[in-house]
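Understanding the architecture of this molecule
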Amino acid sequence: MTRKQHLAAACLALLLLLALVAALLPQDHPEAKTDTFIAADLAWMLTASGLVLFMVPGLAFFYGGMVSKRSVISTMLQSFIALGVISVLWYVVGFSLAFGDSIGGIIGNPLTFLLFNHVGTAPHPRLGPNLPLVLYAAFQLKFAIITPALISGAFAERIRFWGYLLFMCLFSLLIYCPLAHWTWHPDGFLFKWGVLDFAGGTVVHISAGFAALAGALALGRREAHKAGHQHVPVNIPFVLLGTGLLWFGWFGFNSGSALAANTVAVQAFFTTHMASAAAMLTWMLIEAVRGQRPSAVGAAVGAVVGLVAITPAAGYVSYGPALFIGASAAAISAWAVAMKNRTTLDDTLDVFPCHGVGGIVGMIMTAVFAKEGGLITGSPTLLLHHLGALAFISAFTFGGSFLIYKFTNLLIPIRVNARHEADGLDVSQHGETVMVAA
C-alpha cells in the first residue's frame, strides 16, 4: 500500500470507530416539554438552517465557474466536502469548543457537549432559549461549514485535496471555534466587550479573508500566474447561478440569526437585500467609469460583496444605512481587487479583497450606523471597540492560519507539483473531468 492508502485506511478506521462509539456510548439528550416552543419560531429556524446549507452548493457553483476548465470539479468539491468534514467535527467536539461552558471567555469546555451529549430538543437557558438546543446547534453548524469553503477560493487550482482536508479540520478547531466563542457565546470576551456581529461578518468573512490571504502567501503563485496569463472564468452562467443561490441562502444566514420569527428577522431580510442590490449596481458602474463594459462576473461579485458587508450589521441598522454599506463596500472592495492585481499576490478568486475587505467594511459600518450605541447616535465607544477587535482578530486569524498551513505541509505536502498543476486538479486529484469524450 502507498502512503496515501495507509492514510486513507487510518482515517476510515477512525471514522468507523467514532461511529461505533457514538452509537453505543450512553448519552443524555434532554427532551422538551409539550408546547415549550412557538411553532413559527421552529418552522422559521428549520427553514433558515436549510437556506444557509443551500449556500454551500451556491458557493461551489460561484467558485467553480471562475476557475480554469481543468479544475472545476476540484474547486466545487472543496466546498461540498466541508458538508461532511465539518459536520462530523462539529458533532464530536466543535460545538463544545464554540458554545460549551466558557473557559475564561476564550474557549468552550470540550466536554460540555462532547459527541452531542446533553444536546436534545430541550432549550438551553442561555443559547437560543426559545429553540431546541439541537436546532440551535444545527443552525450554527451551517456557519462553521461555509467558512473553510470560502477560504478555498484563494488557493484554487494548486492545493492537494488531502492537505486541504487536514487544513480544514485544524482551521475549524483552532481558529473558527475560538472566534465563534469569543463573539457569540454570552461569556465570550468580545461579546462582553460589546462587539456586534449579527450573522458572521467577523466570525465568518473576516476570518475567511485573512486565512485566504495567509493561504495565498503560504502556497505561492500558480505557474500560469507567474507567466502573466490572464485569469478567464470558464463558465459565467455557473457564476450567476451560484450568486443567485448564495443570495437566496443568505436570507437564512442573516434573518435566521434573529433566532426567531420576529421583526428583527424581517429587518435583517430587507437590509440584506438592499445592501446586495446597491453593491451589485455600484460594482457595474465602477466598471463603466473605468471604461470597461459592464460584466456579468462584476455584477455577481458586487452582489456577493454587499451580502458580506451587511452580514454583521443586518439586524442592527436601518434600510438607508444598509444601502450605503453595500455601495461603499463594493467601491472599497473593487479598489482592493485593483490594488491586488498590481501585486504578485495570487489570491485566485479574490477572497481577501472581497470577503476579507467586505467583512472589515461591514464591521466598521456596524459600529457607525448601529441603532443603539453607534457613532451616528453619538457614542464613539462601540467604534473603538470594533477597531480594537478588528486588529486583534485580523492578527490572530492571519497568523494562526499561516502557522496551520505550515504545520499541515509538514504532515502532508499541501501544494501540488508542477505537472499536476498543469494537468489540472480534476484529473490529478480526483481522476475526473467535466466532459468525457464519447
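Rules behind the numbers
- Within each chain, residues carry numbers counting from 1 in the order of the written sequence.
- Per-residue local features are limited, in this predicted model, to residues with pLDDT of at least 70; the limit for side-chain atom pairs, both in listing and counting, is 80 or more; totals at the level of whole chains, interfaces and linings are taken over all residues.
- Calculated side-chain values reflect all of the structure's heavy atoms, with hydrogen atoms and water omitted.
- UniProt positions are given in the numbering used here, feature names are shortened, and annotations may be inferred rather than shown by experiment.
- A run of H or I in DSSP becomes a helix once it reaches four residues, and a run of E becomes a strand once it reaches two; helices and strands are each numbered from the N terminus.
- Throughout, the radius of gyration refers to the C-alpha atoms, and the reference size of a globule is 2.2 Å times the residue count to the power 0.38.
- Between buried and exposed lies partly exposed: a residue is buried under 20% and exposed over 50% of the maximum accessible area for its type, with that area taken using a 1.4 Å probe on protein chains only.
- A residue counts as positive if it is Lys or Arg and as negative if it is Asp or Glu; His and the chain ends are not included.
- Charged groups are reduced to one reference atom each: NZ for lysine, CZ for arginine, CG for aspartic acid, CD for glutamic acid.
- Centres within 6.5 Å make a pair out of two Phe, Tyr or Trp rings, where for Trp the six-membered ring is used; the pair is then stacked when the planes are under 30 degrees apart, edge-to-face when over 60, and tilted otherwise.
- In this analysis, the expected span of each helix is defined as 1.5 Å times one less than the number of residues it contains.
- Orientation is described by lines fitted to C-alpha atoms, with helices fitted over the stretch in contact, and by angles between N-to-C directions that extend from 0 to 180 degrees.
- For a crossing to be left-handed, the near helix must be turned anticlockwise from the far one by less than a right angle; the clockwise case is right-handed.
- Only heavy atoms enter the contact rule, under which two residues are in contact if any of them lie within 4.5 Å.
- By the convention adopted, Pro, Cys, Tyr, Trp, Phe, Met, Ile, Leu, Val and Ala count as nonpolar, Lys, Arg, Asp and Glu as charged, and the other residues, Gly among them, as polar.
- Buried residues of nine kinds, namely Ala, Val, Leu, Ile, Met, Phe, Trp, Tyr and Cys, make up a nonpolar core once their side-chain atoms join them within 4.5 Å.
- Each angle gets one of four labels, with under 35 degrees taken as roughly parallel, over 145 as roughly antiparallel, 65 to 115 as roughly perpendicular, and the rest as oblique.

In the nomenclature of an unreviewed UniProt entry, the chain corresponds to Ammonium transporter from the organism Hymenobacter jeongseonensis. Recorded in UniProt for the chain, the comment headed Sequence similarities (unreviewed entry) runs: "Belongs to the ammonia transporter channel (TC 1.A.11.2) family."

Across its full length, the chain holds 16 helices and 2 strands. Here the chain has a C-alpha radius of gyration of 21 Å; the compact-globule value for 438 residues is 22 Å, and the two agree. Structurally, the chain occupies a C-alpha span of about 60 × 60 × 40 Å along its principal axes. Residue burial in the chain is summarised as follows: out of 438 residues, 55% are buried. For the chain, the distance from the average site of its 21 positive side-chain charges to the average site of its 18 negative ones is 11 Å.

Right, let's get into the packing of aromatic side chains. For any pair of aromatic rings, the description consists of the separation of the ring centres together with the inter-plane angle of the planes. Summed over all chains, the structure comprises 30 aromatic pairs. When the ring of F155 is compared with that of Y164, the centres are 6.0 Å apart and the planes differ by 65°; the resulting orientation is edge-to-face. For F155, a relative accessible area of 0% corresponds to the buried category. Residues F324 and F369 carry aromatic rings whose centres are separated by 5.7 Å and whose planes lie at 65° to one another, so their mutual orientation is edge-to-face. Linking F324 in helix α12 (residues 319-340) with F369 in helix α13 (residues 351-369), this pair joins segments that are 45 residues apart in sequence. By relative accessible area, which is 43% here, F324 ends up partly exposed. Pairwise contacts between aromatic rings join W90, Y91, F95, F99, F113, F116 and Y136 into one cluster.

Considering the arrangement of structural elements, one finds L213 in helix α7 (residues 201-219). The buried category is assigned to L213, whose relative accessible area is 16%. When the C-alpha positions of L213 and C177 are compared, they lie 19 Å apart, and in sequence the two are 36 residues distant.

Look at the UniProt record and you will see "domain: Ammonium transporter AmtB-like" (unreviewed entry) annotated at residues 43-433. Measuring from the first to the last C-alpha atom of residues 43-433 gives 40 Å, for a span that is 68% helix and 1% strand.

Here we take up helix α11 (residues 296-310). Taking 1.5 Å of rise per residue, the 15 residues of α11 would be expected to cover 21 Å, and the 22 Å separating its terminal C-alpha atoms lies within 8% of that figure. With 14 of 15 residues buried, α11 is to be regarded as a mostly interior element.

The interhelical angle for the contact between α12 and α13, taken along N-to-C directions, is 145°, at an axis separation of 9 Å. In this structure, α12 crosses over α13, and the sense of that crossing is right-handed. Facing α12, whose interface residues are P321, F324, I325, S328, A329, I332, S333, A336, V337 and K340, α13 presents P353, C354, V357, G358, V361, M365 and F369. Its residues placed into classes, the contact of α12 with α13 shows 13 nonpolar, 3 polar and 1 charged.

Our focus in this paragraph is the environment of F238. Examined against the element boundaries, F238 turns out to sit in helix α9 (residues 236-255). Taking the C-alpha atoms as reference points, F238 and F191, separated by 47 residues in sequence, lie 38 Å from one another. Look past the residues within four positions of F238 in its chain and what remains in contact with it is F61, F62, G64, G65, V72 and M76.

We now examine the nonpolar core. In this structure, F62, I86, W90, F95, I151 and Y176 are the most contacted members of the largest nonpolar core, which totals 126 residues. In this view, I86 contacts L141, A144, I145, P148, M168 and S172; residues no more than four positions away in its chain are not counted. Within the second largest apolar cluster, 6 residues are counted, among which are L196, V368, A370 and L383.

A few words on the side chain of N254. Mapped onto the fold, N254 is located in helix α9. In this view, N254 contacts F198, A199, A268, T272, I310, T311 and A314; residues no more than four positions away in its chain are not counted.

Relative orientation of the contacting elements helix α2 (residues 39-64) and helix α4 (residues 133-151) amounts to 10°, with a least axis distance of 9 Å. In terms of axis orientation, α2 runs roughly parallel to α4. Crossing of α2 against α4: the hand is left-handed. Of α4, the residues touching α2 (which contributes L42, M45, L46, A48, S49, V52, L53, M55, V56, L59 and Y63) are L135, F139, K142, F143, I145, I146, A149 and L150.

In this section: α13. Helical geometry note: an α-helix holds 3.6 residues per turn, so side chains three or four residues apart project in the same direction. Here α13 is 19 residues long and its end C-alpha atoms lie 26 Å apart, about the 27 Å a rise of 1.5 Å per residue gives. Counted residue by residue, α13 has 17 buried out of 19 residues, so it is predominantly covered.

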